[in-house]
Structure formats: C-alpha cells, structure tokens
Amino acid sequence: MFTQFGATAESLSKASTMVFRIGTDAHLYDDPDDVNIAPLLDSKFDSEKCEALKRLLALIAQGFDVSNFFPQVVKNVASQSIEVKKLVYLYLLHYAEKRPNEALLSINYFQKDLGDTNPLVRAWALRTMAGIRLHVIAPLVLVAVSKCARDPSVYVRKCAANALPKVHDLRLEENTAAIEELVGFLLNDNSPGVIGAAAAAFASVCPTNLSLIGRNYRRLCETLPDVEEWGQIVLIGILLRYAIARHGLVKESIMLSSRDLENIASENGASDTYQKGNEDSNAYFGLKESNADLTNGVCKSEVVDIVSRSYLEGPDKYLSKHRCADVLSSELEGLHFTSAKDNEDIKILLLCTSPLLWSHNSAVVLAAAGVHWIMAPKEDIQKIVKPLLFLMRSSNSSKYVVLCNIQVFSKAVPSLFAPHFEDFFMSPSDSYQVKALKLEILSTIATESSISSIFQEFQDYVKDPDRKFAADTVAAIGLCAQQFPKVANTCLEGLLALASHATDGEAIVLLQAIYSIKAIIGKDPSSNEKVIVHLIRSLESIRVPAARGMIIWMVGEYSDIGNVIPKVLPVVLKYLARCFTVEEVETKLQILNACGKVLLHSKEEELWAYRKVLSYMLDLARCDLNYDIRDRARFIKELLSCYIGSSDTEEGKAQQESRDVSRVLAGRIFGGQIKAPSSEQFSARFYLPGSLSHVVLHAAPGYEPLPRPCSLNFEDPSINSNIVEGAKRPGDGATQSESYTDDPDSVSGSLNEESTSDYSYADSIGGSDGTGGSNVSSSLSEVDVHKEPLIHLSEVGYPNANPDGGSHVDNQYSGSNNLGELISTRSLESWLDENPNSGHNLSEPSSIRKSSARISIGHIHGRVEPKICALLDPANGNGLSVDYAFSSELSSLSPLLVCLQVSFKNCSTEPMMNLQLVEDNKRQDSSDHASAMTESSSHGDVPSLVPMEEIANLGPSETINIMLQVRFRHHLLPLKLVLWCNGKTYPVKLRPDIGYFVRPLPMDIGVFSAKEAQLPGMFEYTRRCIFTDHIGELKKGDKPGTNDQFLVICECLAVKVLSNANFFLVSVDMPVSANLDDASGLRLRFSGELLSNSVPCLVTLVLEGTCFEPLNILVKVNCEETVFGLNLLNRIVNLLAEPARG
Amino acid sequence: MMQCIFLLSDSGEVMLEKQLTGHRVDRSICAWFWEQSIAQGDSFKFLCRVADVLSDYLGGLNEDLIKDNFVIVYELLDEMIDNGFPLTTEPNILREMIAPPNIVSKMLSVVTGTSSNVSNTLPVATASCVPWRKMDPKNTSNEVYVDLVEEMDAIISRDGTLVKCEIYGEVQVNSHLSGLPDLTLSFANASILNDVRFHPCVRLRPWESQQILSFVPPDGQFKLMSYRVKKLKNIPIYVKPQLSSDSGMCRISVLVGIKNDPRKPIDSITVEFQLPPCVLSANLTPNHGTVNILASKVLMFFDHTCSWSIGRLPKDKAPSLSGTLVLAAGLERLPVFPTFQVGFRVMGIALSGLQMDKLDFKNLPSRPYKGFRGLTRAGEYQVRS
C-alpha cells in the first residue's frame, strides 16, 4: 500500500479505492472459497463462524449451490452471537425447503429463542421459523404465531402478522380457521404498525372474509393515516372492498353516472322499475344517450359504464358476455346503491383517505385516488387530479404507471384533466412508452379552447428525432382534427406538407400522415376535393406501397366527387395502368378495386375509356405471379361483367335481368358505406386503478375485481362471521383462487343430494329400523367401555420416558430427537387444554350408559365420494383442467404407493396432444440425498411416480380418467410434478392427503379393543370438535323415526370420514337410552394400517349432545407413529369441524 | 407482494439474489428483464426505496459497493422485507438495527478482526408513535437548517415562446435537536403552491385548515415537503439555437444570455443536445467554455451527445457556440431538430418566490440556531430548435 504513495493520479485513485475497500467484505465476495469453509463453521470463535457464513452468503449471492453445508450451518443456530444468528437465519431461509429434514434440527432452538427476553431475538426466531415452510412444523409455527401475536413488543407482533401468510402458504386446510382468527385478532391491535402488517396478512390469507373488517371498520379508517405507508396501500384496498360489499356503490359517484338517475332516485330496494328497464332495453339505452347529452361531455357515459362494470366483474368476464346486452343490463340493475352524503361509513372512508393524497409515496396516492375515483361524489373527484399530476414528476417507471391510470380516468371523464393539458407536454427524458401515453391522453382531453396550444406542441413533436413518436403524433393530429372540424383544414395543410416532404426513410410518418388525411377527408369528402387532387399529384413521388394503396383507394372512393377529380381520372388511371406491373401486391389490389369503383360511378361518355383500362389491367392481373391478385382479377371480372363486356351483350335483352342483379351486387360491394371501425375503447380492458393488472393489461396473479355491491348483507357486522361467509360466497366464490376452499362444496353437496335417496342399511344383530334399540348390550361393548384407558391420558406429555417412542422418532428423522420432543410437547399442550373435558367425556358414557346396541351401516361405500382437488386450473393451463382425487384402491406394485384418480379435461375448443405427468427431475436430484436418509433401503428403489401412459389426444370438452400411483416423500410435503401438454410444461404440485397414507385393516371389534389396549399413553391422541353436518341432513330427511336420527348421524360421520380417509369401518355402537334425542355415547370405530410400515392406526369417534344440536365429538387416534398420528388427528378434527356447504 | 429481489450489475450479471417467498424464482428470469427493462407498481416504489436506503448506507450505489458490502445488503434486505411485504423501511430504525459501514468499523475490523454491524437490541422507535425519530437523541449542536431546493422545468418552443414554466421544489430540513421537539413552519405566501406532498411526520390537519407545517422532525437530513408552483412567467436565462441546412451541411449557432436577472449569480450553466443519427460529424467552437461530444450506447443505438459547459456567464460578452454539422450522404437538409437541455444553478434564491415566514419551536430546552437557504437549479429545462 505505502509503496504507491507519490504515484500518478491514476494509481493514487486505485490506491484510494483499495484503502476504501479495506475492512469491507470485498475479499469475501471476490474469492469466497479460497479457504476451507467447513472447519471454520465448526470453529469455537464467533468471528470465524461469521467469516465462514459470509463466504457462504457470497456463494449464494453468486448463484452457487452450497446447501451441502446445511448440517454444519444449522448447528450454529444455537450461537449466542446475534450476528452469527442473523447470518445463519439468512442461510437457513435460503435452503430450508431444499433440506427439510436437517432444517427440522433447528426448530428446538427457535422455540427457545421465542422465549428470549430480547424482542429482536423473538422476532427473528419467529420470522425464520415461519420462513422455513415445512408442513411438519406448521402446527408449531401456528402456536408460536399466536403466542407472538400477544407479545408486548410491537415489532414482534408485526412479525407475527407477517408470519401468517407464510403459514397460510403451506395450504394446510386444518390451519385455515386458526389463521383467519389470528388475522382478526391482529387487526384489532392498537398499534398502527401492527395493523398495517395485519392488513397485508388479511389480503393474502382471506381477502374475501370481509366480516373480519366489519368489526373494526371505523377504527381502521381512523388509524389509516398513522399506518406505515406500505400497510396503507393494502389497507385502503381492503376498506374499499368492504365498503362496496357492505353498502354498495355510491349513487352520486362516477361509477353510476351512466345509469338513469331518475331510476336510481325512485329505486328504493324495490326492483320493479328496473325490471321495466330490462324489458325495454332500447328505451334504456335511449335514456342513456340523452343523459350523456345532458352532461355534455362532462363524462363519457359509455366508457364509464364499461369501466365500472369491469371493476366489478373483471374485464375478462365482462368482455366474454359483451355481446348479449340483456344479460348485462339485468346484472347491472341488480346492484344496490347508497349515498355518500348519508352513509357514515363511506363518509369516513373518504375523509380518512383524502389526506393520503398528500403522501410522499406514489403508491399510496394512487390507492387513495382510486378510492375517491370509485366512491366519491362526482363533484369531489376533482380532488385527485392535482396529486395525480404531481406524481408524474418522479422516475420514468412511476410516471408510466401514473399515466396508465390517468389515461383511463381521462377517457371516462375528459373534463377532469382538460384544464391541465400542459402537464402532458413531452419532456426530453420521457421514454417512448410514456410519450405515447401522453399523446393519447392529450388527444382525449383536448377541448375547443386548448386545441390550438396542443397543436402548437404537436407541430414541434413532428420534428422529433424519434420517428416512431413523430408518427404517433401524426396519428394524434388526425384524431384531434376529426374531433374538432374547425381545425381540420389547418391540420390537412400541415399533414400534406409533411407527406410531400417526407423522405424515403420516413415510411412510418408518411404512412401515418396519409392515413390521418384519409380519416379527416372521410368526415367530409366533398369539401376536401383539393386535398385529394393534391395527394393524387404526389403519387409520383410517394413510393411506400401502403401509402400508395391508400391514395389509390381514395381515387376509387371519391371518383365522383367535385369537378376536378373526374377530369383528372383518365390520366390517373392510365398512369396506374402503366405502372401496374411494378407495384407491390397491396398496391395492385387497391388499383384493381379503384378501377372497379371508377367504372361503377362513371357516366356514359367515359365508360368506354375506363372499360378499356380496366380490361387491360385485368389481363395483366390474370397473369400475375401472386394468386391473390389473380383471384381478385377473376372476381372483379365476374362482378363487373355487365360493364366490361357490355359492348358485346349490349342488345341481349334476355340477360338484362341477371345484369341488373350483378349491377346491384357490384354496387353493394364497391359502393357500400364504410362503417367507421368501432372505437377501440370497447375492447379495452379496465382494471382497478393502481393495480399491476392495470399496467400490464391482463389479470395478474392475485387480481380480483371489486366485490359485488351489497353482497355483505347483515345488520350487525360483529354477530356471526359464519353466516356472513355463507352469504358472501355465492357472490364471489367463483373468483376464489384457492382450490381447496371450494372443494368442500362439491363433497358436501354430493352428500346432501344422496342422502335424500333411499339408503339401505342392515342391522348386524337385530331387525330393521326402529327396533335397533331393543337389541340389548353385547358383552363385548361392555368390556370395551371398561377398558377405556382413562389413566393413560395423563401420561401423554413424557415421550422420552418411553424409549420405544423415542427411538421411533429417531428412525424417521435422522437424529432429530428434538422434533419428537417438540411434537409431543405440542400434544401435551393441546391435551392439557382439553384434559378436564375429555376425561369427563370418557367416563360419562361408561357410567351412565348401561347398554348399547351395535349397528352396521351397509352400502356406505356407495356414498363415499372422495374429495376432488384441482391440479391444474384451466386458466393457467390454456384450457386444460386437471383434477385429482385420492382413491381407496391399493397399489399392487409397492405398499408405498398411493393411488390417485386423475381426470384430464379439455375445456378449450382445440384438441390437446401428448399429455403426460412426469416427475420434476431437478427436484428429484437435489433431494435424493435427503430421501436416502429418511427411507429405509428396502424402499429406496420405489419411484416417486409410476410412469404414466401418455394421452395422445384429448379432444375438446373430452375427459379422460387415469389411475396414477405416486409415492409421497412425506405425508405433508407436496410432490412436484411436471405436466406435459402440447409440448409445453406446467409445473404442478400434488398435495398429499394424510388420510390416504393408510389402507383399511379389516378387523372385528374384539381385535380392535385388544389393539387399542396395546397403544396407550403417548400413542394415544385426542382432540375435540363440533360436528354440525347432521342437522341439515336431519332436517332434510324430516322423518320422525326414532333410530333414524342416530342412523343419519352415524352415516353422516362415517361418510365424511371415509370420503376423506382410507379406513375400515369397524363398528358403530349406539346407546340405548331413555331419551330418544340424546346422541351421547354414539361411538364409531375405524381401523387402518400405515402404507409404509403396516403399523396399525385406530380411530374412535365418541359423540356427545342431542340430535338436533351441534354435536361435540371426541376424536381419538391410537398409533405408534407419533408424528403421523398427531397429523392424522388434526386432519380428522378439521374435516369433521368443517361445515358441509351446499 | 414480491417474490424475489435480484441486484444486477451494469452488465446485467446477477450480483445478489434474495428469495422472499416459498415460490422460488430462478435467476434466469433476470436475463429476460434485462432485455425488457420494465418495472411496475407499488413493488417498484418499494424497490426505489431499497435503492435509496442502500445508497444512503453505502454512500452510492454501484457494482463495487454492493460487492464490498454484500453482507450488509443482505442483512438490510432481510430487515426491510419479509415474505414479500415491507417490514421496516424507516431509515432511522434501520440505522440502529444494522450499523452502516464507516471508517471506524472498518478500522476496527482490520485491527481486531471482529466487528458486528448487527445491533443487539431492538430500536425503541419501533414501538413509538413517531417511528421516524430516534428515541431521545442527544445532540451537542442545537441547530436546524431549512433549505428550499427548487428545480425549474420549462419548455421553450421553436419560435422562442415560453410554453410552460413551473417549479418543483423541496423543503429540505437538517435538524440536530435533542429531545422530542415540535416544530411549526409557516409560509408567507403558501397560496402559490399548486400541489404538495409531505413527509409522514407532517400533521395533515393543521395544513388543511391553516396551511401550517407542524411536525416532529426526524434526526438529520430529510425531505419535509415537496411542492409544485405552476404557470411562472420569468425564466432566468435564454438559449437561442439556430439551425440552417444547406446542401448537406447544417450551420448551427447557439446564443446564451440572461433574460430576467434573478439578482444572484447564475453558475454551472450547461447546454446539452443530442446530435441526430443522420449527422456524420460535427465541428463546433464556443467563444466561452468547453464543448464535449460524448458517445453513449443506449440499447442498440449510438447516441452522440454534445455538451457545452459554460459555467458562469462572462461579463463582457454573450457566450455563443457556432459550427457546422455534416449530414449523411443524400441528405440535403436536417430532417429532425434536436432539443437543447439547459442546466444552471442559482444560489441563494428560490425562484418560485416562495417565502418562509417563521419557524417556531416547542418542547425544547434552549433556543436552537436556525438557518434558511434557497437554491434553484434547472430541472427539465428544454429549448426546442
């Protein structure tokens, strides 16, 4: 270093940067692996560990895979040094998903850190633990989150809110309810920082559960200005959705300005006036027109109409039914309205968002502007204009985003931005996209008073070095000239000058100029004769084929206008005939057309000359190399045969009639009125202001239109969230992206349907229905009851006291003793909560019930309908929809394989080829190492997916079902597959269902009891839940039979369990009690064995409560596999507690 | 919701990758973005903030700096964003959590070989209702400076008329005050402000009612407010370009002079314009200052930018630039006309005419030293030829 002193300036500066880099981590980035990292990780000095971790981080940054250090790194999570911890966390988060088994090793330390006194340590532990994303630890994370949600530190609570989407991302159904509850809890927090994060969690976890917002709506509005800017953006969107779902659109707002105001005024919940409106849609549209006239350009009602509908329905849905106006208007009239003046909720929303228009964060301003745009009364919208315009003075990209939004606003209400036209003048730093948007906005908002200044600007732009932009300017000039006939003449002059001076390199500008001229002339051809003549004169100098084509088209179209054109026509035609052979194809076609038209319009004296020219050209065209031209020539010849060949057949009166026909035909074809192309905005897509979708003009993932107005119909929002959810679902259920939330519908729907059909059942012991109760107590059931292992329950919490249980966990997770410990702790926790109840419950039946009857439900398998999950959504798969359902069939190849019924459906209109599901190879390779550790060697050769036969062809709306055998690596981890279709690949994930990792194990009640007795204590897990499905069933059945009620309940339960898990129904015990409505003591037993190792797994459901009330069910699982058993228990409890939706 | 952040070097190579959610994004996507160069939405706004914070920490933002401090960058990113949603973006809090690199820590790490830039404790401000302010900072200097920094945007059309002239200004405050001071700032002529935007510390109600800025300032330098003043009539300097083409040559002359004297010295005057692609060569000589022609490659096209730096206007003569451009073969006249971008700086005055009235303090033990300054420079100041 010092030797460089006194050197030249250049080496000095080099030296100074060298000095500058001393002490930084530069050397670590430049040569991360110049030392052996592994020993450093095992060092006992924190500084060496730090260095090693930094080197690993550098390698990650450069894209190398250093996951092989995982075990060594994970060990360091126990370090006391904050910096080491942070670095380990960074590493862990990057690789946890890749190395799940080793990641589990760290869980114990996170648990410890969660109890640390330093809030920073707690927060980091929670963040990392949630970030690891392993299904196995999801329950632990959830417990940790709910603990942290009550933490005294704001920062930790904020991290808890942020952790919720991570847990939700794992898509574990059993956690959904708990997560949503936590979101609601955190939204109730009194710190604005937490509320912001909770809002973000809400938006990604349960954006449609607006009842959660209802409870806190006012408070959320009031805290909005204090929330962090990023939270503000999300929260504004949520509040807007809530307000619309709760109160509907505001009748004074722009969204409803296109609707008939009188109708709205008279409308008061009654829909008759609207019905009338529907019946006569013409009258409706007529009214609308007049309304638009009244407002006189204040807002373009048609555009507003489309915009507001697009916001509500999503443009794709809206555009798809664009053609059928009836559907539209009826949909539209079903909406409800409210008034911003009377409604306090909406008033407060507008009041609290308006100061946000001054925020220094552009995204906040845009979001707040969006609320005012949709909800504010028309006269108040002015408020958003200046803030929006101010946003433009930031980076080019945000400028583009803002302009995209202004473009829509200005299309709908040009008058909003009209006074501010100067803000849209170009600046040299604008990118081409920004300039193009500004041009479009300028031509939209131009008014009589501003048009002259705008034209001044346009004239400067035409000379811009960016020729594409110059061409766009020319197009904009054309648009404006059509709008304002006053300036049309000046425009034409300018454009003509431009066209005549344009050089060869300027094809786009020239083309655009001619196109604009053509459009302007089209408005009023007769007064622009000179312009046409001028253009015709310049034909000689214009060489761009498309431009020539357009001029020639004008020759044909306006051949009979004015005095001059007919005079020059013969010369022009001769000129065209002369140069016909050297023209381009498109010009040739235009020449032929033009000649045809001229002939049609010509008077007698010129007919002969024209006819000659045309026949000459047709002869040329018939020998042309291009078949389009030959076709056109033939076509014109036939069509105009009466004109061309008239010299020969002049006297043939017989053909007079057919000639008349072809004359009319030719007149229609060549002389038909040209319809102006329907304005482009009708096919434009509108998305919510400020959304990403609005910028990219297609629905980005996660985009949802506004909720249906007033879909949230309840008086007191705080009463019952379940009812609300049910009421809301029909409205926007279709837009829900989560496949699994919709699935219960299909399952329970089928349940309900079939329950009305006559089910047959047989009593195993006694006679038919109604008499089951008289078959008194078998001794076995007595024994069973007495053998109920009450005492063992209290031993659950000490897994390591039992060496067997401990060793088992060890096998499963190479040395991860911690996990077993943790999960058992979890079971202890959950059990401790419920201990008094469950003990009570188990003892109660045995003491009260003296006798019970056993029934068997036959034919239940006919009603079992496995749940169907979506593998590939048709929206993502170009119309290919793939669903799968777990099948109860067993694989003949290997016990490790799970059978799936996969159905491929082609929802598109085109056939699909070569469909095949294959393994995700990359995934396979990287995790081979891991799987080798977990699987015993005998199963190592079983593939993840038994190769599937390729489906060669799948026709439109055809469905093919295929049985697939797969091996999940873990009962909670999804299997990544690749779906081939039409040569394209779609990555898909098969989510395992723990209920199908068992196979039915037929046994009788004696064996069941014996086995149950062998699995006491820590192998037994219980939880409670509430079951409500049967109430609907009972009401539907409406049969007052005594035992029917029990049967219905049992069947409901059995079907629900068997539809979701592959078990054998061992027995159904029924209590014989005095009270006919008392279902307490009903007991269902299921048995099965694990696919992988044939360990038996027993499930017992015990009911408590009366028939027509929600039943309290105690679920008990006995299984040697601790982790599996717990997860299975959770699954069963959740599926039972989940209400059937129908 | 963001899924990942990649930091790319100038050549498009990935320097740093951070995955934010479980849905991993392959780094090969960068290549596509590099070609498209697009960015949108709130996420983009957040990225801007990340860039701001990073350059604040590293004292600039370039390839070397990021490589040198990649650990800090990682730590910062981790703290700023969690699962794709921003966590802590307040620079003051971040500074307390993760120490910025500085000479002391560097020296320390060289000498002792150990250094930790990660704080052991959670900054108190995370829990406060004024998260932008460090809790109870102790400042030996008791002072506050308020600067009006304005940028003038103007468009002068081909015929020399002023099409548009407006000012984009910022109120920049540099505060070194102890405790939890409460400041109020008022303007003498707030009505000239067209649009405003505020730092989160500004209370919005007093502004709504009386147009008074009431705030608890963050410590150090920050942007209190930005504003816009439209429809101004006076521009400080004029630039008159003249181009005349004749048989493949184009004569060019540019004159610069004072138009409305701001009564403060104007310096750092520059005039820049892009030579159209059809210009083969240029021969330009100024009578004052220096001329540089720089070639830069934007995407596939070479751009030649001619930059004339004048500095201060000389007293004795009006600076002028004259010369000829040789056009590409076959071109008689210059078909397009470049736009001239003018740069200048006027110290000591806010050209919008905005005047501060008074600055009051509450909650302070002793009266601090107050300083006011104005500065105007050219923003998008363009003259068309």
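Please refer to the structure placed before this passage.
Residues numbered from 1 in each chain as written. Chains lettered and ligands numbered in written order. Predicted model: local features only at pLDDT ≥ 70, side-chain atom pairs only at ≥ 80, totals over all residues. Heavy atoms only, no water.

## Quick look at a nonpolar patch on the surface
Residues and elements named next belong to chain A. Taken together, the side chains of Phe635, Leu665 and Ile669 define a hydrophobic patch exposed on the protein surface, amounting to about 270 Å² of accessible area. Mapped onto the elements of the fold, Phe635 is located in helix α37 (residues 627–639). The class of Phe635 is partly exposed, set by a relative accessible area of 39%. (Patch = residues over 30% accessible without salt bridge, like charges linked within 9 Å, V, L, I, M, F, W, Y side chains within 5 Å. Areas by Shrake-Rupley, 256 points an atom, 1.4 Å probe, with all protein chains shown as cover. Salt bridge = Lys/Arg side-chain N within 4 Å of Asp/Glu carboxyl O. Helix = DSSP H or I, 4+ residues; strand = E, 2+ residues; numbered from the N terminus. Buried < 20%, exposed > 50% of the residue type's maximum accessible area, 1.4 Å probe, protein only.)

## Let's talk about the packing of aromatic side chains
Describing an aromatic ring pair means giving the distance of the ring centres and the angle of the ring planes. Residues and elements named next belong to chain A. As enumerated under the stated definition, the model contains 20 aromatic pairs over all chains in all. Relative to Tyr91, the ring of Phe70 has its centre 5.9 Å away and its plane inclined at 50 degrees; by these criteria the two rings are tilted. Taken together, the positions of Phe70 in helix α5 (residues 70–75) and Tyr91 in helix α6 (residues 82–95) put the pair 21 residues apart, joining distant regions of the chain. Overall, the relative accessible area of 1% leaves Tyr91 in the buried class. On the basis of an interplanar angle of 80 degrees and a centroid distance of 6.0 Å, the ring pair of Phe455 and Phe458 is categorised as edge-to-face. Of the two residues, Phe455 and Phe458 are both situated in helix α28 (residues 451–462); the distance of 3 residues between them amounts to about one turn of the helix. Each member of the pair, Phe455 as well as Phe458, carries the same accessibility label: buried. Linked through ring pairs, Phe455, Phe458, Tyr461 and Phe469 together constitute an aromatic cluster. Taking the ring centre of Phe185 as reference, the NZ or CZ of Arg150 above it sits at 4.5 Å. (Phe/Tyr/Trp six-rings, centres within 6.5 Å; stacked < 30°, edge-to-face > 60°. Lys NZ or Arg CZ within 6 Å of the ring centre and 35° of its normal.)

## So, the pattern of salt bridges
This model, assessed by the stated rule, comprises 33 salt bridges over all chains. In this structure, the salt-bridge partner of Lys231 of chain B is Glu422 of chain A, at a minimum N-O distance of 3.8 Å. Here Lys231 of chain B is found in the loop between β10 (220–229) and β11 (237–246), whereas its partner Glu422 of chain A is found in the loop between α26 (414–417) and α27 (432–445) on a different chain. With a relative accessible area of 55%, Lys231 of chain B lands in the exposed category. The partner of Asp147 of chain B in a salt bridge is Arg373 of chain B, and the shortest N-O contact between them spans 2.9 Å. One end of the pair, Asp147 of chain B, is in strand β5 (residues 143–156); the other, Arg373 of chain B, is in strand β20 (residues 369–384), and 226 residues separate them in sequence.

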